[in-house]
Amino acid sequence: MVDMNLVIPSIEQMAPYEAGKPLATLERELGVSNAIKLASNENPLGPSPRALQAMLKAMHDSHRYPDAAAWALRERLSERLGMPMNEIIHGNGSSEVLELALRTFVGQGQHVIFAEPSFVMYRMICMAAGVAFTAVPLRDLTHDLEAMTAAITPKTRMIFIANPNNPTGTYVARAALEQLLRNVDPEVVVVVDEAYTEYAEAPDFPNALSLRGLRERLIVTRTFSKIYGLAAQRIGYAVGPAPMIDYMNRVRPPFNVGTLGQVAALAALDDEEHVRASQELNQDERTRLQNALTSLGLACAPSQANFVYVDCKRPARPIYESLLRKGVIVRPVPAATALRITVGLPAENYRLLAALSEVLNA
Ligand SMILES: Cc1ncc(COP(=O)(O)O)c(C=O)c1O
């Protein structure tokens with residue numbers, strides 16, 4: 001029996017976030033070794049060597065609290081982005097800044113819009129806050145901005161747009177995003193989540209930071225978890241108007257990002273070579289992976305990110321489970337016949353393809 005005096009109803013209905021299985025867990029559960037993880041859109045090249053050096057050095061100061069303001073990192077971001085420091089807030093991963101935005105600007109009785117399927121955290125943070133939402137189905141695996149705009153009610157306070165989208169890897173083009181930013185009621189906060197922006201290469205892929213002139217209430221979030229290879233350090237940031245960032249800072253826990261994360265992010269930002277190598281590897285391997293998946297008779301969504309959304313044209317859960325038993329971890333997605341596969345190192349992608357081909361032919 002559910003005790004409604006204990007927990008708010010939307011939390012009662014929540015399921016915990018289903019994270020990609022850590023390698024050690026899978027190996028233990030299935031008795032396999034040398035498993036590979038292509039499930040969480042991490043950078044297969046790992047962190048920048050400069051970030052590793054910075055963390056080793058900073059470890060000696062582990063008895064000190066981290067810089068609550070992440071001053072050095074925000075200063076460097078401010079130079080790099082050409083935005084004042086008071087327009088930048090750091091978070092424990094970009095997941096935290098997304099949640100801070102919601103908790104700061106959306107109250108009980110108000111309403112949020114995001115796409116479905118998209119990053120699952122949007123739904124989770126709304127449910128955790130007891131905030132109503134509309135999840136607008138993608139059209140052709142892409143954000144349906146027309147339907148999302150039509151879903152706006154007088155109660156709507158926030159819209160999340162992941163660009164590129166997770167799990168599909170598809171994107172909203174510049175003209176469409178500009179139109180949305182111009183036309184949506186100025187009261188609504190638009191959050192553009194650019195976790196994978198560094199991987200995008202389409203000529204009309206928009207940098208939302210360059211569109212800030214189009215609307216006051218625009219928040220752009222980025223992360224060090226993806227191309228910068230620092231997922232374990234939990235660091236991301238948001239850029240928005242100074243008064244909005246000021247409100248979010250009132251809600252932000254003071255020591256939300258540890259010292260290692262801060263110094264690693266700072267060093268990683270300066271390692272442009274590592275970023276370039278990560279982009280090149282991803283482009284080459286994503287193309288190869290998509291071609292090979294297509295020759296296996298599967299359908300890939302066009303991806304601007306470091307993962308591929310693949311329609312297996314048959315129930316995907318058994319394929320996912322068979323791959324697990326072969327030591328290959330991919331990601332099931334809400335659609336019954338699809339999987340999301342992170343682009344790995346060449347050897348990892350070969351192994352995935354060989355395993356998948358065996359599973360499909362079994
Ligand atoms: C679209 C999108 N946004 C944000 C994140 C959050 O990443 P983090 O909290 O590690 O910055 C992810 C992670 O998978 C994502 O796919």
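Residue numbers run consecutively from 1 along every chain, following the written order of its sequence. pLDDT decides what is reported in this predicted model: residues at 70 or higher carry local features, side-chain atom pairs at 80 or more are listed and counted, and totals for whole chains, interfaces and linings draw on all residues regardless. Side-chain descriptors were evaluated using all non-hydrogen atoms of the structure, hydrogens and water having been removed beforehand.

### Description of the site of the ligand
Note the threshold: We call a residue near a given molecule or strand whenever any one of its heavy atoms falls within 4 Å of it. Any pair of nitrogen or oxygen atoms within 3.5 Å is treated as a polar contact; in protein, a donor-acceptor pairing is required on top of that, and neighbouring residues in sequence qualify only through side-chain atoms on both sides. Every accessible area reported is derived by Shrake-Rupley at a probe size of 1.4 Å, with residue values counting cover from the shown protein chains alone. A run of H or I in DSSP counts as a helix once it spans at least four residues, and a run of E counts as a strand once it spans at least two, with each numbered from the N terminus. Just so you know the grouping, Ala, Val, Leu, Ile, Met, Phe, Trp, Tyr, Cys and Pro go in nonpolar, Asp, Glu, Lys and Arg go in charged, and all remaining residues, Gly too, go in polar.
The environment of the ligand is made up of Gly93, Ser94, Ser95, Phe119, Asn166, Asp193, Ala195, Tyr196, Thr223, Ser225, Lys226 and Arg234. Contacts to the ligand include Asp193, whose side-chain N or O atom sits 2.6 Å from a nitrogen atom. In the model, an oxygen atom of the ligand is placed 2.5 Å from a nitrogen or oxygen of the Thr223 side chain. Out of a free accessible area of 390 Å², the ligand has 93% covered by protein chains. Counting residues per element, the shell around the ligand draws most heavily on helix α5 (residues 93-105), at three residues. Partitioned by chemical class, the residues of the shell around the ligand number three nonpolar, six polar and three charged.

### Some words on the environment of Pro332
Basically, it comes down to this: The contact rule is simple, with two residues in contact once any of their heavy atoms fall within 4.5 Å.
Considering the arrangement of structural elements, one finds Pro332 in strand β12 (residues 331-332). Separated by 137 residues in sequence, Pro332 and Ala195 place their C-alpha atoms 20 Å apart. Contact partners of Pro332, with chain neighbours within four places excluded, come to Arg317, Tyr320 and Leu339.

### A look at the packing of α5 against helix α9 (residues 242-251)
Our working rule: Each axis is a line fitted through C-alpha atoms, and for a helix only the stretch in contact is used; angles between axes span 0 to 180 degrees, taken between their N-to-C directions. The cut-offs work like this: below 35 degrees is roughly parallel, past 145 is roughly antiparallel, 65 to 115 is roughly perpendicular, and the gaps in between are oblique.
Relative to each other, α5 and α9 sit at 100°, their axes nearing to 9 Å. In terms of their interaxial angle, α5 and α9 are classed as roughly perpendicular. Facing α5, whose interface residues are Val97, Leu100, Ala101, Arg103, Thr104 and Phe105, α9 presents Met244, Tyr247, Met248 and Val251.

### Focus on empty space enclosed by the protein
As a reminder of what qualifies: Throughout, the protein atoms alone are placed on a 1 Å grid, and a set of points is a cavity if a 1.4 Å probe fits but cannot get out or a pocket if it is open with protein on both sides within 12 Å along at least five of seven lines; lining residues have an atom within 4 Å of a point. Grid points are joined across faces, edges and corners, and a volume is the space filled by probe spheres set on the points.
In this structure the tally under the stated criterion is one cavity of 30 Å³ or more. Of the pockets and cavities examined, the largest cavity occupies roughly 50 Å³. Around the largest cavity, the lining residues are Glu42, Asn43, Pro44, Tyr199, Ser278, Leu281, Asn282, Asn306, Val343 and Gly344. Taken together, the residues of the lining of the largest cavity sort by class into four nonpolar, five polar and one charged.

### Things to note about helix α8 (residues 174-183)
Where we set the bar: Using a 1.4 Å probe on the protein chains alone, a residue whose accessible area is under 20% of its type maximum counts as buried, one over 50% counts as exposed, and one in between counts as partly exposed. In this description, the arc belongs to the directions extending from the helix axis to the C-beta atoms.
Along α8, the positions that sit buried rather than exposed are Leu177, Glu178, Leu180 and Leu181. Down the axis of α8, the sector holding all buried residues measures 165°, keeping them to one side. Turned more than 90 degrees from where α8 packs its buried face, Ala175, Arg182 and Asn183 sit exposed.

### Observations regarding the sheet that holds strand β3 (residues 111-116)
Our working definition: Only strands that DSSP links by at least two bridges are regarded as paired with each other.
The mixed open sheet is built from seven strands, whose spatial order is β2-β8-β7-β6-β5-β3-β4. Edge positions in the open sheet fall to β2 (88-91) and β4 (132-137), since each of these has one partner strand only. Neighbouring strand axes in the sheet, compared pairwise and without regard to direction, differ in orientation by 20° on average. One ladder, built from six bridges, connects β3 with β4; its direction is parallel. Within β4, the position partnered with His111 by the bridge is Ala132. Here helix α6 (residues 120-129) sits on the sheet and contacts β3, β4, β5 (156-162) and β6 (189-193); the angle it forms with β3, its principal contact strand, is near 155°.

### Re the domain arrangement of the protein
In plain terms, the rule: For every domain, the bounds stem from an assignment made automatically or drawn from a database. Put simply, a salt bridge is a Lys or Arg side-chain nitrogen that is within 4 Å of an Asp or Glu carboxyl oxygen.
By domain assignment, the protein separates into domain 1 (20-46 + 273-361) and domain 2 (49-270). Centre-to-centre, using C-alpha coordinates, domain 1 lies 26 Å away from domain 2. If you look at the interface, domain 1 gives 23 residues, while domain 2 gives 23 residues. Taken together, the links from domain 1 to domain 2 amount to one salt bridge. There are 11 residue pairs in polar contact (both at pLDDT 80 or more) connecting domain 1 and domain 2. Elements with a contribution of two residues or more to the side of domain 1 that touches domain 2: α11 (272-295) and β10 (307-311). The biggest single contributor to the side of domain 1 that touches domain 2 is α11, with seven residues. Taken together, the residues of the side of domain 1 that touches domain 2 sort by class into eight nonpolar, 12 polar and three charged.

### Structural notes on the packing of α5 against α6
Selection criterion: Take the far helix as your reference; a near helix turned counterclockwise from it by less than a right angle gives a left-handed crossing, and one turned clockwise gives a right-handed crossing.
Orientation of α5 relative to α6, taken along the N-to-C sense of each, is 45°, at an axis distance of 10 Å. One way to sum up the angle between α5 and α6 is to call them oblique. Every pair of crossing elements has a handedness; the one defined by α5 and α6 is right-handed. In this structure, α5 contributes Ser95, Leu98, Glu99 and Leu102 to the contact, and α6 contributes Met121, Tyr122, Ile125, Cys126 and Ala129. Looking at the contact of α5 with α6, its residues break down into seven nonpolar, one polar and one charged.

### Considering the sheet that holds strand β9 (residues 299-300)
The strand order β9-β10-β13-β12 describes an open sheet built from four strands, whose pairing is antiparallel. Of all strands in the sheet, those bounded by a partner on one side alone are β9 and β12. Here two bridges tie β12 to strand β13 (residues 338-342), and the two strands are oriented antiparallel to one another. Bridged to Pro332 within β13 is Leu339. Those strands touched by helix α12 (residues 316-325) are β12 and β13, and its axis lies near 35° from that of β13.

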